[in-house]
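# Coordinate inspection notes
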Amino acid sequence: MSARAVSESTFDAEVLKSEKPVLVDFWAEWCGPCRMVSPILDQIATEHADKLDIVKVNVDENPQLAMDYQITSIPALKVFKGGEVAQTIIGAKPKAALENDLAAFIK
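The structure presented is a predicted model; accordingly, all values stated were derived computationally and were not measured. (Residues numbered from 1 in each chain as written. Predicted model: local features only at pLDDT ≥ 70, side-chain atom pairs only at ≥ 80, totals over all residues. Heavy atoms only, no water.)

Below, the discussion takes up the packing of aromatic side chains. Counted according to the given criterion, the structure contains 4 aromatic pairs. Following the ring pairs from residue to residue traces out a cluster consisting of Phe11, Phe26, Tyr69 and Phe80. Over the face of the ring belonging to Trp27 we find Lys56, whose NZ or CZ atom lies 4.9 Å from the ring centre. (Phe/Tyr/Trp six-rings, centres within 6.5 Å; stacked < 30°, edge-to-face > 60°. Lys NZ or Arg CZ within 6 Å of the ring centre and 35° of its normal.)

Printed below as a string of structure tokens:
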């Protein structure tokens, strides 16, 4: 199980209406730190698939979503719960630090 891509057309159904928390990775192809954190998010997605969904939004292809959620720096990770942003994590971090930040959602 790895993070799957969502777009402006699927964001509402896949993220805002999800039954479980969803971590959204706002990223871009040209972003080095985004590429570093991507395999870590895939591991977390696999290990915690029962508690947390992880999806990716390419900010270059979905500029309206980036604007709607005030993405000014990437990678930006936002956890949505019940259609609302429950947590924001900015920047690439090692797996242990990300799991610590996400403890409320994956424990």
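Of all hydrophobic cores here, the largest spans 20 residues; its most connected members are Phe11, Val15, Val24, Phe26, Ile71 and Ile74. For this core, the secondary-structure elements that each account for two or more residues are α1 (11-16), β2 (22-27), β3 (53-58), α3 (63-68) and β4 (76-81). When residues of this core are assigned to their parent elements, the largest contribution, 4 residues, is made by β2. If sequence neighbours within four positions are ignored, Phe26 has contacts with Val57, Val59, Leu65, Tyr69, Ile71, Ile74, Pro75, Ala76 and Lys78. Judged by nonpolar contacts, the second largest core, of 16 residues, contains Leu52, Ile89, Leu98 and Leu102. (Core = buried A, V, L, I, M, F, W, Y, C linked by side-chain atoms within 4.5 Å. Buried < 20%, exposed > 50% of the residue type's maximum accessible area, 1.4 Å probe, protein only. Helix = DSSP H or I, 4+ residues; strand = E, 2+ residues; numbered from the N terminus. Contact = heavy atoms within 4.5 Å.)

With that settled, consider the sheet that holds β3. Strand order in the open sheet formed by 5 strands is β1-β3-β2-β4-β5, with mixed pairing between adjacent strands. Each end of this open sheet is capped by a strand with a single partner; those strands are β1 (4-5) and β5 (84-90). Bridging between β1 and β3 involves 2 bridges; their strand directions are parallel. Along β3, the bridge assignment pairs Arg4 with Val55. Its contacts with the sheet put helix α2 (residues 32-47) on β2, β3 and β4, and the angle it makes with β3 is roughly 155 degrees. (Pairing = 2+ DSSP bridges. Axes fitted to C-alpha atoms, helices over the stretch in contact; angles between N-to-C directions.)

On average, the protein chain scores 95 in pLDDT, and the residues at 70 or more come to 99%. The least confident element of the protein chain is β1, whose mean pLDDT is 92; the most confident is β4, at 98. (pLDDT = per-residue confidence, 0-100.)

Further remarks concern the side chain of Asp25. Relative to the assigned elements, Asp25 resides in strand β2. Using a relative accessible area of 0% as the deciding quantity, one classes Asp25 as buried. When sequence neighbours within four positions are dropped, the list of residues in contact with Asp25 reads Leu41, Val55, Lys56, Val57, Pro75, Ala76 and Leu77.

Looking now at the state of the cysteines. Tallied over the full model, the rule gives 1 disulfide. What pairs with Cys31 in a disulfide is Cys34, and their sulfur atoms sit 2.3 Å apart. Given an S-S torsion of about 80 degrees, the disulfide between Cys31 and Cys34 has right-handed geometry. For Cys31, a relative accessible area of 3% gives the class buried. The exposure class of Cys34 is buried, given its relative accessible area of 2%. (Disulfide = S-S within 2.5 Å.)

This part is about unusual backbone geometry. Here the bond from Ile74 into Pro75 is cis, since omega is 0 degrees, no more than 30 degrees from zero. Take Pro75: it is sitting in the loop between α3 and β4. Phi angles above zero are rare outside glycine, and Gln70 is one such case at about 50 degrees. Topologically, Gln70 is positioned in the loop between α3 and β4.

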